[in-house]
Amino acid sequence: MPDRSAPPPPWTRTLARFRWPLFVAFTCLLPFLLTDVWVQMLVFVALFIVLGLGLNVVVGFAGLLDLGYVAFFAAGAYTMGLLTSPGSPIDAGLDFWLILPIGILIASIVGLLLGLPVLPLRGDYLAIVTLGFGEIIRLFLINRDDLTRGSQGLSAIPRPDLFGYRIDSFTEWFYFVVAAAVVVGFCTSRLRDSRIGRAWEAIREDEDVAAAMGVNTTKYKLLAFASGAAIGGLGGVIYAAFIGFISPAAFSLQVSIDVLAIVIIGGMGSTPGVILGSLILIGVPRILQFRETSDFLANLGWLRDALNGLISALDAATPGSLGRLPPAETWGAQLADDTRFIIFGALLVIIMVVRPSGLWPSSRRRLEFAHDDTPPPAPVTAP
Amino acid sequence: MPLLEVRDLRAGYGAILAVKGISLHVEEGEIVTLIGSNGAGKSTTLRAISGVIRPRSGQVTFDGRRIDRLPPHAIVRLGLSHVPEGRGIFHSLSVYENLLMGAYTRGDALHQDLERVYRLFPRLQERLRQPGGTLSGGEQQMLAIGRALMARPRLLLLDEPSMGLSPVLVETIFETIQAIRREGATVLLVEQNALMALEIADRAYVLESGEITLAGTGAELARDDSVRRAYLGEA
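Residues numbered from 1 in each chain as written. Chains lettered and ligands numbered in written order. Predicted model: local features only at pLDDT ≥ 70, side-chain atom pairs only at ≥ 80, totals over all residues.

A. Inspection of the overall build of chain B at higher detail. The helix and strand inventory of chain B stands at 10 helices and 10 strands. Relative to the 2.2 N^0.38 estimate, which gives 18 Å for 235 residues, the radius of gyration of chain B is 17 Å and therefore close to what a compact globule would have. By principal-axis analysis of the C-alpha atoms, chain B measures approximately 45 × 40 × 35 Å. Taking all 235 residues of chain B together, the buried fraction comes to 47%. Of all intrachain contacts in chain B linking residues separated by at least 6 positions in sequence, the fraction that spans at least 24 positions is 66%. (Helix = DSSP H or I, 4+ residues; strand = E, 2+ residues; numbered from the N terminus. Rg over C-alpha atoms; globule rule 2.2 N^0.38 Å. Buried ≥ 20, exposed ≤ 12 C-beta atoms within 10 Å, placed from the backbone. Contact = placed C-beta atoms within 7 Å.)

Next comes the structure, spelled out in structure tokens:
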């Protein structure tokens, strides 16, 4: 056990106390510092932070492995799409702010629909059933084309107005989605520290013992599914309004995997973890696509020369088997393109090997992992 | 009327029937012990009583009320606490939070109950902020019992409290069980350490392959030849 009794210096305490307001203030400065493509990228990052926070309730707090989270995201998005797209058979032209609670409600009902049949399932079995559930929702969206227009999707979904002002530019969307993420983050961290959160924690550790303590496990598991789904629905409504066009292709298994990876890479049960996870899983692949990235790589002439030297040396050993790198003007773009997924995949593998409990694990999880590794609590000595 | 009455209880897991129709009763204020070898069905009996598993058939009556179809959280509310085998400490929660979990069903002031737990187990008070998973085996057992007491149970089900503990700690735990009884709780104790269990028990049952084969006062069973041979290690 590290010695936690020594009081930290006063300035760290002040910093720790205001870390969230400071972080949000810094975030609000970002649109002034970055170009539009970066801000657009950050809108997606913020949206996936919302989704990550929602799945974190289910997986991180209550320990229910849900591989079908996209279903709730889709429920929210299609609520928005069906009620506002001119192509929808039930287009009601409703206002975004009216649809927001409807979408959240419908998503939580879908969450309960998933939660009820899987109540007796645990671990792997739960994961498989939820995986199937996500696919069922996607196939439903494709096949009920009389309602959803199938693969054609729903287009021209209007953007929301706020106080008579249309949320339009990437910067405006950035502030809007960040605000949503702040609200959701506040709610979930309050939930975690409440009586409900403690019940989830107990269920996650040992469902039988939690029941023996008097926790109504049925109720709290359903509550976890419904809260997670509600947040997924909120994300879906916002996504549909932002993108303006939705089709079943956008709600594939990949979304569930991305959101789950955000939670796991960041550190299960941890709010800062979700933020870091989303920056890496959603931000990095997009950054690798940017022109700036190729330009940056193209300027690394020494790297190109070094690689060419290596290739020549290898070529001398086995003549004619290797080509040469493309000319300096194009090699940056090509390198970024060719290696984007390798860089990304390698990054994820490295993170999980180096930090199995996530980049920023919650303090509780950290203890749990430390305990698993070393059964007797070994004293930690400062390096 | 006994505080707990079990009639013809059958329970098990999947295709396996671990408890094959047993009947027993516990009077208010008693310490009753259930002894038997590994796999005799002792833990299954406790789990079926506290509702963690659903009995296949039979009746369980607690304080005059049928509880064999109730979910575990409803049974806790009636005043029956179960300390599971292996203690079931929440490793990532602190000692204090573990104790609070024990009082989950109650909304009223807890400090009296906390005081009581600290009095019984001063060690726990020294380690309130420490995560449950970092406690030693003996401390975890104290925490498990303390946590169960937080629900203010009228009947405490204890599953193998001596498991994995040093003889000195076993002594302490058994003394505490007697102290808890003196304060008015009733105890149903499952033990492999038959010698110690029979010493403090008013009455005892011997469980073999899911059936009760012997019953009597603790002293009677401790004198019984077959019990001495089978469980007390005498030739």
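There's more to say after this.
B. Highlighting the pairing of strand β3 (residues 31–35) of chain B. All names here are of chain B. The element β3 is extensively covered by neighbouring structure, given that 5 of its 5 residues are classed as buried. In β3, alternate side chains face the same way, and those of I31, T33 and I35 on one face and V32 and L34 on the other are all buried. Pairing between β3 and strand β8 (residues 186–191): 5 bridges, direction parallel. Pairing of V32 across the sheet is with L188, part of β8. (Pairing = 2+ DSSP bridges.)

C. Seen up close, the sheet that holds strand β10 (residues 211–217) of chain B. Residue and element names in this part refer to chain B. Pairing is mixed across the open sheet formed by 6 strands, whose spatial order is β6-β7-β8-β3-β9-β10. Each edge of the open sheet is held by one strand with a lone partner, namely β6 (80–83) and β10. Here the strands of the sheet are splayed against their neighbours by 15° on average, with no regard to which way each runs. The pairing of β3 with strand β9 (residues 203–208) spans 4 bridges and is classified as parallel. In the strand pairing of β9, V32 is matched with R203. Where helix α7 (residues 167–182) meets the sheet, its contacts fall on β3, β7 (155–159) and β8, and the angle it forms with β8 comes to roughly 155°. (Axes fitted to C-alpha atoms, helices over the stretch in contact; angles between N-to-C directions.)

D. Summary view of the confidence of the model for chain B. Averaged over chain B, the pLDDT score is 88; the fraction of residues at 70 or greater is 97%. Reported confidences for the modelled complex are a pTM of 0.83 and an ipTM of 0.84. (pLDDT = per-residue confidence, 0-100.)

E. The interface of chain A and chain B, seen in detail. If you look at the interface, chain A gives 20 residues, while chain B gives 22 residues. Secondary structure elements with two or more residues in the side of chain A that touches chain B: α9 (195–205), α10 (207–212) and α17 (363–373) of chain A. For the side of chain A that touches chain B, the leading source of residues is α17(A), giving 5 residues. Grouping the amino acids of the side of chain A that touches chain B by side-chain chemistry returns 9 nonpolar, 3 polar and 8 charged. (Nonpolar A, V, L, I, M, F, W, Y, C, P; charged D, E, K, R; others polar.)

F. Here's a closer look at the domain arrangement of chain A. Residue and element names in this part refer to chain A. Each assigned domain of chain A is listed with its residue range as follows: domain 1 (24–269) and domain 2 (288–377). For domain 1 and domain 2, the distance between their C-alpha centroids amounts to 31 Å. With 7 residues of domain 1 at the contact, the number on the domain 2 side is 11 residues. When residues of the side of domain 1 that touches domain 2 are assigned to their parent elements, the largest contribution, 3 residues, is made by helix α12 (residues 253–266). Among the residues making up the side of domain 1 that touches domain 2, the classes are represented as 4 nonpolar, 3 polar and no charged. (Domains from an automatic or database assignment.)

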